[in-house]
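What follows is each chain in one-letter form.
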Amino acid sequence: MTDTDELEAARAELVMINPAPYNAEAPPAALVGEVTPTELHYVRSNFAVPDHDGTLEIGGAVGTPMTLTLDDLRAMPAHEHAVTLECAGNGRLEMRPLPTGEPWGDFAVSTARWTGALLHEVLAKVEPAATGVEVLAQGADHGAYHLQAILPETDQDNLTFTRSLPIGEALDPSSGILIAYEMNGQPLGRDHGSPFRLIVPHWYAVASVKWLKRLDVLTEPYSGEFQTGHYIYQWPDRAHEPVRLMRVRARITDPAPGTVLDVDSYTVHGKAWSGTGPIARVEVSLTGEGDWQPAQLEPARGEYQWQDWSFTWDSIAVGRHTLRARATDAAGNVQPDVPPWNRLGYGNNAVEVIYVDRR
Ligand SMILES: Nc1nc2c(c(=O)[nH]1)N[C@H]1C(S)=C(S)[C@@H](COP(=O)(O)O)O[C@H]1N2
Ligand SMILES: [Mo]
């Protein structure tokens, strides 16, 4: 297969929203299982898929700068976790006024099993300086930016996808951050960041830098375009904030919106996830009023992945019904009813509404 054939085959089952750079939502089937099959996992890229020379350079404020290869990473202890990735722009289409940005519906979210070396173990090899404050991760992708309206002030002709993490997160064994080289048991595909990428559990997926080319320990905070221009909540009424942890969210996965039922009892199924703690509670409302009823929540199967829930819907009357699910996490965060509007349309975790008819 040529490179183009390979990409076309990998993309065949996705819902394309932009051909170049390639951005595509998952189909609803992606949210049904515990993990999303690779060919159904959403793709979000700010630039064209780059070439990568197979090496990872690590430098900056470190005792021993190094260049590692895929074989070097594979020689380290391998860790596998299922991780739910959600794009911070997921749900942008429901915000009003409509923000500028990729027109994501609700399916820029998926869960895969990622295998790789732990970031903190890789960083231990290079001996980060005690004065380090952030770890900068650079992708191999770069070029002119396609949504010029968002970037009036910066050099739009040659941006690189570069993001930093607080060094405390990067060095913390409990953060579970991987330099991943396998997705669902196979080498990473080109759209998902081959030959290796960061996977940063609990954070909106912008932190999970694909096609990882360089890591640098920094002694000053980074302020590049994808750190302080994009991926900032520009709230209308309060101080701006960086986009970090995923906001708590629930989704009804069955029945599908618009389903026509001809039974009088139905088990509703769904998923719920949050970057700020395990899900503590999911509630369902069937009327549009504030009559929230508890759903049955399944325990988390892993620390970094969505949870299943179900709800037995009895005595379904003939006619149209509105169904809503609302999640609360262990930190006490609960979904709002209205999308939290910000200029670039990030972090929409408002309660979703579907309707279902009973004949
Ligand atoms: N190098 C690089 N890494 C990147 C991006 C990118 O454009 N370039 N996009 C980020 C964003 S915004 C998201 S949502 C995730 C998407 O990961 P996926 O395409 O594997 O689903 O990758 C992140 N990592
Ligand atoms: Mo994203």
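Structure shown above.
The structure presented is a predicted model; accordingly, all values stated were derived computationally and were not measured.

Here's the deal with the overall build of the chain
Right, on to step 1. Secondary structure summary: the chain contains five helices and 23 strands in total.
Right, on to step 2. The C-alpha atoms of the chain give 21 Å as radius of gyration, which agrees with the globular expectation for 359 residues (21 Å, within 12%).
Right, on to step 3. Long-range pairs, those at least 24 residues apart, make up 72% of the contacts in the chain between residues at least 6 apart in sequence.
Right, on to step 4. A total accessible area of about 15,100 Å² is found for the chain, and carbon and sulfur atoms account for 52% of it.
Right, on to step 5. Charge separation in the chain, taken as the distance between the mean sites of 27 positive and 48 negative side-chain charges, equals 4 Å.

Observations concerning the sheet that holds strand β20 (residues 296-297)
Within a sheet, adjacent strands bond to each other through the backbone by hydrogen bonds, running parallel or antiparallel.
Right, on to step 1. Taken together, the four strands give an open sheet; going across it, the order is β15-β17-β21-β20, and neighbouring strands pair in antiparallel fashion. Edge positions in the open sheet fall to β15 (249-254) and β20, since each of these has one partner strand only.
Right, on to step 2. Bridging between β20 and strand β21 (residues 307-313) involves two bridges; their strand directions are antiparallel. When the sheet's bridge partners are listed, glutamine 296 is paired in β21 with serine 310.

Comments concerning the side chain of serine 285
Right, on to step 1. Mapped onto the fold, serine 285 is located in strand β18 (residues 279-285).
Right, on to step 2. If we skip the residues at most four places from it in the chain, serine 285 touches Asp291, Trp292, Thr322, Leu323 and Arg324.

Some points on helix α3 (residues 119-126)
Right, on to step 1. The set of residues buried in α3 consists of Leu119, His120, Val122, Leu123 and Val126. The buried residues of α3 occupy an angular sector of 155 degrees when the element is viewed end-on, so they sit on one face.
Right, on to step 2. Phi turns positive one or two residues past the end of α3, at glutamate 127, with a value near 55 degrees.

Let's talk about the site of ligand 1
Right, on to step 1. Taken together, 20 residues lie near ligand 1, and Asn46, Asp141, His192, Arg197 and Lys210 sit nearest.
Right, on to step 2. In the environment of ligand 1, an oxygen atom lies 2.7 Å from a nitrogen or oxygen atom belonging to the side chain of arginine 197.
Right, on to step 3. Coverage of ligand 1 by the protein chains reaches 100% of its 530 Å² of free accessible surface.
Right, on to step 4. Considering only residue class, the shell around ligand 1 consists of nine nonpolar, six polar and five charged.

A word on the packing of aromatic side chains
Right, on to step 1. One pass over the full model with this rule turns up eight aromatic pairs.
Right, on to step 2. Measuring from centroid to centroid gives 5.9 Å for phenylalanine 47 and tyrosine 145, while their planes differ by 75 degrees, and the two rings are edge-to-face. In this pair, phenylalanine 47 sits in the loop between β2 (23-25) and β3 (55-60) while tyrosine 145 sits in the loop between β7 (134-143) and β8 (159-166), placing the two residues 98 residues apart along the sequence. For the pair shown, phenylalanine 47 and tyrosine 145 are each scored as buried.
Right, on to step 3. Both rings, one in tyrosine 145 and one in phenylalanine 226, keep their centres 5.8 Å apart while their planes meet at 65 degrees; by these two values the pair is edge-to-face. Note that tyrosine 145 is positioned in the loop between β7 and β8 and phenylalanine 226 in helix α5 (residues 225-229), a separation of 81 residues in sequence.
Right, on to step 4. By the ring-pair criterion, three or more aromatic residues cluster together here, those being Phe47, Tyr145, Phe161 and Phe226.
Right, on to step 5. One cation-aromatic arrangement involves arginine 238 over tryptophan 235; the distance from NZ or CZ to the ring centre is 4.1 Å.
Right, on to step 6. A cation over an aromatic ring shows up here: arginine 251 above the ring of phenylalanine 107, its NZ or CZ 4.8 Å from the ring centre.

The rules behind these values
Residues numbered from 1 in each chain as written. Chains lettered and ligands numbered in written order. Predicted model: local features only at pLDDT ≥ 70, side-chain atom pairs only at ≥ 80, totals over all residues. Heavy atoms only, no water. Helix = DSSP H or I, 4+ residues; strand = E, 2+ residues; numbered from the N terminus. Rg over C-alpha atoms; globule rule 2.2 N^0.38 Å. Contact = heavy atoms within 4.5 Å. Areas by Shrake-Rupley, 256 points an atom, 1.4 Å probe, with all protein chains shown as cover. Lys, Arg positive; Asp, Glu negative; His and termini not counted. Charge placed at Lys NZ, Arg CZ, Asp CG, Glu CD. Pairing = 2+ DSSP bridges. Buried < 20%, exposed > 50% of the residue type's maximum accessible area, 1.4 Å probe, protein only. Arc of directions from axis to C-beta. Near = heavy atom within 4 Å. Polar contact = N/O pair within 3.5 Å; in protein donor to acceptor, adjacent residues only side chain to side chain. Nonpolar A, V, L, I, M, F, W, Y, C, P; charged D, E, K, R; others polar. Phe/Tyr/Trp six-rings, centres within 6.5 Å; stacked < 30°, edge-to-face > 60°. Lys NZ or Arg CZ within 6 Å of the ring centre and 35° of its normal.

All we've got here are geometric facts, nothing functional implied.
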